[in-house]
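# What the coordinates show
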There are 2 protein chains.
Amino acid sequence: MTTINRQIHLVSRPTGEATADNFKLVEATVPDELQDGQVLVRHHYLSLDPYMRGRMNDTKSYTAPQALNEVMGGGTVGEVVASKNSGFAVGDKVVGMGGWQEYQLLSGDLRGTLRKVSTEHVPLQAYLGAVGMPGVTAWYGLTQIIAPKEGNTVLVSAASGAVGTVVGQLAKVRGARAVGIAGGPEKCRFVTEELGFDACIDYKQHTDLKSLSQALKQACPNGIDGVFENVGGLGLDAALQRMNAFGRIALCGMIAGYNGEPIPLQQPQLLLTNRLRLEGFIVSEHMELWPQALTELATLVGTGKLKYRESIADGLAAAPEAFLGLLKGRNFGKQLVKLI
Amino acid sequence: MTTINRQIHLVSRPTGEATADNFKLVEATVPDELQDGQVLVRHHYLSLDPYMRGRMNDTKSYTAPQALNEVMGGGTVGEVVASKNSGFAVGDKVVGMGGWQEYQLLSGDLRGTLRKVSTEHVPLQAYLGAVGMPGVTAWYGLTQIIAPKEGNTVLVSAASGAVGTVVGQLAKVRGARAVGIAGGPEKCRFVTEELGFDACIDYKQHTDLKSLSQALKQACPNGIDGVFENVGGLGLDAALQRMNAFGRIALCGMIAGYNGEPIPLQQPQLLLTNRLRLEGFIVSEHMELWPQALTELATLVGTGKLKYRESIADGLAAAPEAFLGLLKGRNFGKQLVKLI
């Protein structure tokens, strides 16, 4: 009996906001018999991440554009269901970049492509979040760019998201004060009460620069030493007004501007007057640090010291709407799609 | 006979553009007899620098505001004309921060305040330019932030100015390609023909982003690896569009916005997509590197390998107009005021 592999393809590029019409559900099949060297993975979860919005455009960016009429790329976790590859056995739990589809067929040298993981202390889907790319992103920006000293204040936007969640908790582990920005009282409560941030600002209560800047002043009485920026726009403008001399900005995402025109930075002269260092980074370009980062993250998750939250959409067909919601901040924590 | 010490005071703060009315010429006197420990310096040249504009405002910045009704601060070179201080003798050539006045009376421990210099191989006024604060500023930003590799392309704005002049030549010494931005064909010719930059763009020929960006593309066929930014505004926006991945931006000045409202950075997302590092700096906060920098700069000037140009205003009374001209780019090279 032929097994159906449902997939989601990108079929058109957005003009302005991305829409569900940009995607299409397509049915393919998986072979009944594998060839030598092949591995078949059944995906359990796929990861939805803001960077995917950039790949939908056909513009120069740090990743190649997503090809039209092909499976949307993305991180996946799953289980090997068939194997003629000596490196993998049926039942192995694996992390890969399988994309928005139910199965992935792989072959050849899979080092760097498919990685076996242990689910003894860490749930499988956490390898897409706190113990995966978002977690390492948080770890890299915090430890390699912000490098907080004890007592420093670290501000993180999208604080309840997959990356922000980890940034603040890692900052606390290092003796820093962690302040978040998130959307709505429920997310803010989670950030302070569950994750242990020292404060969280609801950006929906502060729609202009003056108001947000004032809120930051109250939440950061000693100023801000490090900013982990996931959003850009108003939040970054306000943070710049509150930064201490020699502050560091890890520029990780600017999701506020992903759907349309770039959002200008209003007062770039503050970068000079406060002698700030700003660094844009992409975590996949620092693979040499992943083992160190993953070791710390897995230990913290395994021992219950690193908490996180997930928004789980059900079934592949729900992926486009869940992704569009992520871009609008409708998720709460790591956005996943559960396939099985 | 009493000696008159003419001074220029800041008597009001600008609203918008600085004007001559913000300054006032005042006559003071110098004592006939020094007390123990005192040194009297007759200034030969005073230095006019863009950072002084920031000090005219009463706003938080990296330096304290210039006090009203006091002598405008600033770098000076001169000669000791009287001394009851064992560290200095009449005839010593000295560099200090004597401000906009003809004489300065100093006392106490003068280490770090007044420095004896040799004029054997280096002209006295060069200690206000290529072998002084502007030169070290260029050295710091180029070597400590941009750190060009051989074959890299380094772009510098205000390329014919006191700092820019040195940036490009130091970049060439390190095997990089140097490209300048300057105002007008005469300055551009000087930058390429006299200083040896590989190219220079006349920003007056490119009044919109698209045009300037296109000119940069032609002048930097391999993209831009390092930007030494003295001006900000349009030039920085255009440079961002042409930067290579992992480029470095040494943010030294943003003179384009000094006279009014901040000039937004139009496309801050390029800092992320190109994984750029931007660092604002103030050279006076890195005193530990001055000896190393000054050694290189003095050697290059003394051997004729580091060229520069000066605009010299005549007499203290000419200082305000010369300073206002500097803010509009009317100077050509290091702006000095000759007092004797």
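The text that follows walks through the structure, step by step, so that each part is easy to find. Because the structure is predicted, anything quoted here is derived from the model rather than measured.

For the rest of this paragraph, the subject is the sheet that holds strand β11 (residues 199-202) of chain A. Each strand in a sheet pairs with its neighbour through backbone hydrogen bonds, running either in the same direction (parallel) or in the opposite one (antiparallel). On the basis of which strands lie adjacent, the open sheet formed by 12 strands has the order β11(A)-β10(A)-β9(A)-β12(A)-β13(A)-β14(A)-β14(B)-β13(B)-β12(B)-β9(B)-β10(B)-β11(B) and mixed pairing. At either margin of the open sheet sits one strand with a lone partner, and together these are β11 of chain A together with β11 (199-202) of chain B. Between one strand and the next, the sheet's axes are offset by a mean angle of 15 degrees, whatever the strand orientation. Across four bridges, strand β10 (residues 177-182) of chain A lies against β11 of chain A in parallel orientation. Its bridge partner lying in β11 of chain A, isoleucine 181 of chain A is registered against isoleucine 201 of chain A. Running over the sheet, helix α5 (residues 209-219) of chain A touches β9 (153-157), β10, β11 and β12 (224-229) of chain A and is turned about 170 degrees from β11 of chain A. On the sheet, helix α4 (residues 185-194) of chain B packs against β10 (177-182) and β11 of chain B and is oriented at approximately 170 degrees with respect to β11 of chain B.

Moving on, we get to the relation of the copies chain A and chain B. If you rotate chain A by 180 degrees and push it 0.0 Å along the axis, it lands on chain B with an RMSD of 0.0 Å. What we have between these two chains is a two-fold relation.

With that out of the way, let us pick up the packing of aromatic side chains. Ring pairs (aromatic) are described by centroid distance and by the angle formed between their planes. All names here are of chain A. Under the definition given, this model contains 12 aromatic pairs over all chains. Residues phenylalanine 23 and phenylalanine 323 carry aromatic rings whose centres are separated by 6.3 Å and whose planes lie at 85 degrees to one another, so their mutual orientation is edge-to-face. Placement of the pair is phenylalanine 23 in strand β2 (residues 23-30) and phenylalanine 323 in helix α9 (residues 319-327), with a sequence separation of 300 residues. Here phenylalanine 23 matches phenylalanine 323 in class, with each residue buried. With a centroid separation of 5.2 Å and 85 degrees between ring planes, the pair formed by phenylalanine 190 and phenylalanine 332 is classed as edge-to-face. One end of the pair, phenylalanine 190, is in helix α4 (residues 185-194); the other, phenylalanine 332, is in the loop between α9 and β16 (334-338), with 142 residues separating them in the sequence. As far as burial versus exposure is concerned, phenylalanine 190 and phenylalanine 332 are alike and both buried.

What counts and how
- Residues numbered from 1 in each chain as written.
- Chains lettered and ligands numbered in written order.
- Predicted model: local features only at pLDDT ≥ 70, side-chain atom pairs only at ≥ 80, totals over all residues.
- Heavy atoms only, no water.
- Pairing = 2+ DSSP bridges.
- Helix = DSSP H or I, 4+ residues; strand = E, 2+ residues; numbered from the N terminus.
- Axes fitted to C-alpha atoms, helices over the stretch in contact; angles between N-to-C directions.
- Contact = heavy atoms within 4.5 Å.
- Least-squares fit on C-alpha atoms with pLDDT ≥ 70 in both.
- Phe/Tyr/Trp six-rings, centres within 6.5 Å; stacked < 30°, edge-to-face > 60°.
- Buried < 20%, exposed > 50% of the residue type's maximum accessible area, 1.4 Å probe, protein only.

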